[in-house]
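In case you want the letters, here they are:
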Amino acid sequence: MTEPNAVERNAMGPHAVGTGAAAVGLSVAGGTLAEPGSAAPYLIEARNLKKYFPIKRGLFSRVVGHVKAVDDVSFGVREGETFGLVGESGCGKSTLGRVMLNLKSATAGEVRFEGRNIHALGPREMRELREEMQIIFQDPMGSLNPRFLVRDLIGEPLKLHTKLSSAAIDDRVVQLMELVGLDATRRNRYPHEFSGGQRQRIGIARAIALEPKFIVADEAVSALDVSVQSQVLNLMMKLQEELGLTYLFIAHGLNDVRHISNRIGVMYLGKMVEVADTDALFAKPLHPYTQVLLSAIPQPTLRGKRERIVLQGDVPSPANPPSGCRFHTRCPFAQERCRAEEPALLEAAPGRQVACHFPLA
Amino acid sequence: MAQELLEIKDLTVGFLTEKGFVRATDRISLSLPKGQTLCVVGESGSGKSVASLAVMRLIDYAGGVIAEGEVHFQGQDLTVKSQEEMRRIRGNKITMVFQDPMSALNPVFTVGEQIAESLRLHKQLSAGAAWSRVIDMLRLVGIPDPEVRARQYPHEMSGGMCQRVVIAMALACDPELVIADEPTTALDVTVQAQILELMQKLKREMGMSILLITHDMGVAAEMADRIAVMYAGVIVEEGTAEDIFERSRHPYTHGLLKSIPGLSGERGTELYAIQGNIPRLGELPAGCRFSPRCPFAAERCFREEPPLLPTPDGHRSACWLESGPEVKTS
Ligand SMILES: Nc1ncnc2c1ncn2[C@@H]1O[C@H](COP(=O)(O)OP(=O)(O)OP(=O)(O)O)[C@@H](O)[C@H]1O
Ligand SMILES: Nc1ncnc2c1ncn2[C@@H]1O[C@H](COP(=O)(O)OP(=O)(O)OP(=O)(O)O)[C@@H](O)[C@H]1O
Ligand code: SF4
Ligand SMILES: [Mg+2]
Ligand SMILES: [Mg+2]
């Protein structure tokens, strides 16, 4: 839904650090917070994060309401893992990813990176943090400036954030291109001379140029041809292993998310409704929406057809979400309580959380 | 063998460009038995939409030229018909559902008026009879409160609802053939599930045939009786859904299925990947179009283009390999 804008395209630039971000919430002293018993500490964590977009009408652009794109979301991504974020169009995945990177300000709540509240950082600290956090977009063409040579596109973050000489930058560009499987002799060409899959490799090379710790991949393979998607997924897995990357992997196709994610979060209308280890989620979804979503995706095989649960109705508008549980208007199990009371995201089993009054047994 | 409703023979459709005449489809042959669903699958630019627009002769309006071949529909060759004659067939015996429902609907008329209009045109129904059929059709495609909804404009409805309206319109005249080009690609997955279910149900109840174009092998697995796989303007493999999913013979089909995550291999392990990229139309390789990417390519593959020939189990594949890819990859 959301295309990268100039600010995001330039996310690595010193002038684009989202300084407008309101420093909300109190920064709690202390280091990285880990869930008790979890395998690794959280590298990045959202706490009660909200992002509302004003809906404006009329001559004086009066604010008549808000799209609650992200509404009180808390979750964490552990160091070295891939956290998959799934949900239907408009549920707030991209917005959540961008607020986590401070490419968009938060309306309320906080994002902690290595224990520090990033929305409370000064411009200089934020600039340093930018080097640690990067994004890969869905549309490689829209996120690459068409008037830049590939060498400059990949070298730009190095130029902005390091003191490397141009010869050293060029060496590094060659290394990066080889690392992502591009022919480095083509570095003096423009992005349109590359295929979609190759352009996505350029975007990836650019994203890893500063050796970040954390990468948000927003539908990074969705726009690619099927036969090229697995090439790019392989590359992302290889880089994760070699560079120790942590990914927030946003997608609406479930097969690729399942393959690459250690854990998965399911969103519905601005809410996180379930978080679980990938295998546990697919073996047994606890939230009725997760169950529906898993069953709705057509599987490319004739064997072992799953029983499909077909929902009634469409996804309601996030400007005017249903009361109580937001899924109650379409949920096959909804009771009176679901209309009245909003379920909190609670621990249902070790390492898994669900927001439902009547989770599936 | 079932009776063929649609038979495409050696259809070549192309465009005049600065590079000369480029063939978006190159001598493709396909047949669709009555009452069945034929899925045409393939990646972006493989020629799926061009082929379907040529069947409808809408390609004339898109700047395309049918350079060769025939399209037999109920025994008549559509490629030689005038647009005047085609107008009596389109929207009546053959109807179409596109990816973007908004482009198929006129924003200044209510959805009910639009469906009624085609009924008056093709079926010479009175206004009253047309309107009651409109309500029936909207109800059939699962639109709640059809009497109210019929009086609404497209922008007052969600994308999924609009696609149901388009399907209602496509079915109102009781067509023999519905051509659906990525009808669910723009929809949410839960809404896609509703629409696919609806199309299955309507096909059973109304007995029409469906030519379904998709790039999603999952959608094909769910919907298809028969499948044709296109690559760079040609059909590389064609057969029943079982032939394609269980016994694919062509290295491209085989690789495409193998590269889908989750079907083979363990989570987090390296995925099978077809190397390289899809060739551009003006820069097709010599010989087999898949040869630069094919792990099995032999010397002959780079010289001679393989024709679509019967396989030992009776489906068709355009590949010089004698034993099929299964044997060599395991
Ligand atoms: N800049 C903006 N101004 C107003 N509303 C916005 C803005 N960006 C996003 N929204 C709205 O916020 C909601 C969440 O959008 P978002 O792009 O985060 O969804 P998504 O889950 O990424 O969807 P998709 O799968 O289509 O990419 C949507 O209703 C969207 O219309
Ligand atoms: N009006 C046109 N003029 C020139 N070339 C065209 C035109 N329309 C289509 N083509 C070319 O014909 C080829 C086949 O296009 P087509 O739209 O049939 O692909 P497709 O298989 O439907 O792909 P997609 O999955 O992206 O819809 C493409 O290379 C395309 O660029
Ligand atoms: S003909 Fe040759 S190159 Fe083409 S698919 Fe078959 S083996 Fe591969
Ligand atoms: Mg998005
Ligand atoms: Mg198309």
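Values in this document were obtained by computation on a predicted structure and should not be read as measured data.

(A) Geometry of the overall build of chain A. Within chain A, the regular secondary structure consists of 11 helices and 12 strands. Counting only residues that meet the buried cut, chain A has 54% of its 361 residues in that class. In chain A, of all internal contacts separated by at least 6 residues, the share reaching a separation of at least 24 is 66%. Accessible surface for chain A amounts to roughly 15200 Å². Of this, 51% is attributable to carbon and sulfur atoms.

(B) The side chain of Lys81(B), seen in detail. Residues and elements named next belong to chain B. Residue position: Lys81 is located in the loop between strand 5 (76–77) and helix 2 (83–89). Glu85 provides the closest opposite charge to the buried, unpaired Lys81, separated from it by 4.4 Å. Looking at Lys81, its side chain comes within polar contact range of the side chain of Gln76, at 2.6 Å.

(C) Spatial organisation of the side chain of Arg326(A). All names here are of chain A. Within the fold, Arg326 resides in the loop between helix 10 (288–296) and helix 11 (336–340). A polar contact is formed between the side chain of Arg326 and the side chain of Asp71, at a distance of 2.4 Å. The residues contacting Arg326, other than those within four sequence positions of it, are Lys68, Asp71, Tyr268, Leu269, Lys271 and Pro321.

(D) Expanded view of the interface of chain B and chain A. Taken together, the contacts link 46 residues of chain B with 43 residues of chain A. Taking both partners together, chain B and chain A bury about 3400 Å²; carbon and sulfur atoms supply 53% of that area. The largest per-residue losses of area from chain B upon contact with chain A belong to Val189(B), Thr190(B) and Arg267(B), which jointly make up 19% of the total buried on that side. The tally of links between chain B and chain A comes to 1 salt bridge. One salt bridge in this structure joins Arg267(B) and Asp279(A), with 3.0 Å as the shortest N-O distance. Summed over the shared surface of chain B and chain A, the result is 15 residue pairs in polar contact (both at pLDDT 80 or more). Where the side of chain B that touches chain A is concerned, the elements lending two or more residues are helix 7 (159–172), helix 8 (189–206), helix 9 (217–223), helix 10 (241–247) and helix 11 (251–258) of chain B. Counted by class, the side of chain B that touches chain A contains 20 nonpolar, 15 polar and 11 charged residues.

(E) Local environment of the UniProt feature "domain: ABC transporter" (unreviewed entry) in chain B. Per the UniProt entry, the sites bearing "domain: ABC transporter" (unreviewed entry) are residues 6–257 of chain B in this numbering. Secondary structure over residues 6–257 of chain B splits into 41% helix and 29% strand, and the C-alpha atoms at its two ends are 27 Å apart.

(F) View of the sheet that holds strand 8 (residues 209–214) of chain B. Residues and elements named next belong to chain B. Here we have 8 strands laid out as an open sheet, ordered 6-7-8-3-9-10-12-11, and mixed in their pairing. Each end of this open sheet is capped by a strand with a single partner; those strands are strand 6 (94–97) and strand 11 (309–310). Examined bridge by bridge, strand 6 and strand 7 (residues 177–181) share 4 bridges and lie parallel to one another. Directly across from Met96, in strand 7, lies its bridge partner Ile179. Strands strand 6 and strand 7 of the sheet are contacted by helix 7, whose axis makes an angle of about 175 degrees with strand 6.

(G) Fine view of the site of ligand 3. Among the 13 residues in the neighbourhood of ligand 3, the closest are listed as Cys288(B), Cys294(B), Cys301(B), Cys319(B) and Trp320(B). Classifying every residue of the shell around ligand 3 gives 11 nonpolar, 2 polar and no charged.

(H) Just a nonpolar patch on the surface, in detail. Residues Leu16(B), Phe21(B) and Val65(B) make up a contiguous nonpolar surface patch of about 300 Å² in total accessible area. Inspection of the secondary structure assignment puts Leu16(B) in strand 1 (residues 4–17).

Conventions and cut-offs
Residues numbered from 1 in each chain as written. Chains lettered and ligands numbered in written order. Predicted model: local features only at pLDDT ≥ 70, side-chain atom pairs only at ≥ 80, totals over all residues. Heavy atoms only, no water. Helix = DSSP H or I, 4+ residues; strand = E, 2+ residues; numbered from the N terminus. Buried < 20%, exposed > 50% of the residue type's maximum accessible area, 1.4 Å probe, protein only. Contact = heavy atoms within 4.5 Å. Areas by Shrake-Rupley, 256 points an atom, 1.4 Å probe, with all protein chains shown as cover. Lys, Arg positive; Asp, Glu negative; His and termini not counted. Salt bridge = Lys/Arg side-chain N within 4 Å of Asp/Glu carboxyl O. Polar contact = N/O pair within 3.5 Å; in protein donor to acceptor, adjacent residues only side chain to side chain. Buried area = accessible area lost by both parts, 1.4 Å probe. Nonpolar A, V, L, I, M, F, W, Y, C, P; charged D, E, K, R; others polar. UniProt positions renumbered as here; feature names shortened; annotations may be inferred. Pairing = 2+ DSSP bridges. Axes fitted to C-alpha atoms, helices over the stretch in contact; angles between N-to-C directions. Near = heavy atom within 4 Å. Patch = residues over 30% accessible without salt bridge, like charges linked within 9 Å, V, L, I, M, F, W, Y side chains within 5 Å.

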